[in-house]
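This is what each chain is made of:
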Amino acid sequence: MLAVVAPPCAATAQALRPYAVAGDAISESLTGAPGDAARGRVLVVARTSTCILCHSGPFPEEKFQGDLAPSLAGAGSRWSEGQLRLRLVDASRLNTATIMPSYYRGDGLHRAGTAWRGKPILSAEQIEDIVAYLATLRE
């Protein structure tokens, strides 16, 4: 059986779910359930709009990986799931000068392309899937 994962795409503004930031983390799942690490890995290595455009990591099948941002190897050892979640949702809360996109935000983005204005890049489910996968990267 083949698993189908929707590619990253602009989600509707109505899809944004409320979340609470505490310190440097969003401790609660955006969906109320854990993500699927296998689907998360597919999203991480997708070249359409996510991680390996800027990050490298333990993805031997991917010949060309980014070098603009830290490696994702060991991400699950460096950050908790809540810390990973905030970095995906809105990394600018931690570093206003970051070049990392805010994947689950639609407001206040001035350099977003027309297709992305007012909409998050990833859905809450996709964020949770990526968090679940990154949390498995312990080395």
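Read on for a plain summary of the structure. (Residues numbered from 1 in each chain as written. Predicted model: local features only at pLDDT ≥ 70, side-chain atom pairs only at ≥ 80, totals over all residues. Heavy atoms only, no water.)

### A few points about the overall build of the protein
- The helix and strand tally for the protein stands at four helices and zero strands.
- What you see in the protein, going N to C, is helices and strands ordered as α-α-α-α.
- Looking at the 139 residues of the protein, the share that counts as buried comes to 39%.
- If you take every contact in the protein between residues at least 6 apart in sequence, the share linking residues at least 24 apart comes to 57%.
- Counting every atom, the protein has about 7,900 Å² of accessible surface; 58% of that belongs to carbon and sulfur. (Helix = DSSP H or I, 4+ residues; strand = E, 2+ residues; numbered from the N terminus. Buried < 20%, exposed > 50% of the residue type's maximum accessible area, 1.4 Å probe, protein only. Contact = heavy atoms within 4.5 Å. Areas by Shrake-Rupley, 256 points an atom, 1.4 Å probe, with all protein chains shown as cover.)

### Here we look at the nonpolar core
- If you look at the biggest cluster of nonpolar residues, it comprises 26 residues, and the most contacted ones within it are V44, F59, L72, I127, I130 and L134.
- Listing elements by their share of this core, those giving two or more residues are α1 (37-45), α3 (81-90) and α4 (124-134).
- Looking at this core element by element, the count peaks at six residues for α4.
- Contact partners of L134, with chain neighbours within four places excluded, come to V44, L72, A75, G76 and L84. (Core = buried A, V, L, I, M, F, W, Y, C linked by side-chain atoms within 4.5 Å.)

### A look at the packing of aromatic side chains
- With the rule as written, the count across this model stands at two aromatic pairs.
- Between the aromatic rings of Y19 and Y104, the centroid separation amounts to 6.5 Å while the plane-to-plane angle is 50 degrees, which identifies the pairing as tilted. Taken together, the residues Y19 in the segment before α1 and Y104 in the loop between α3 and α4 connect sequence positions 85 residues apart.
- Assessed through its relative accessible area of 29%, Y19 is described here as partly exposed.
- Relative accessible area serves as the criterion here: at 1%, Y104 is assigned to the buried category.
- Note on F59 and Y133: the rings are 6.5 Å apart at their centroids and 40 degrees apart in plane angle, and the pair reads as tilted. Residue F59 is located in the loop between α1 and α2 (75-78), and its partner Y133 is located in helix α4; the two are separated by 74 residues in the primary sequence. (Phe/Tyr/Trp six-rings, centres within 6.5 Å; stacked < 30°, edge-to-face > 60°.)

Spatial relationships are all this shows, so hold off on functional conclusions.
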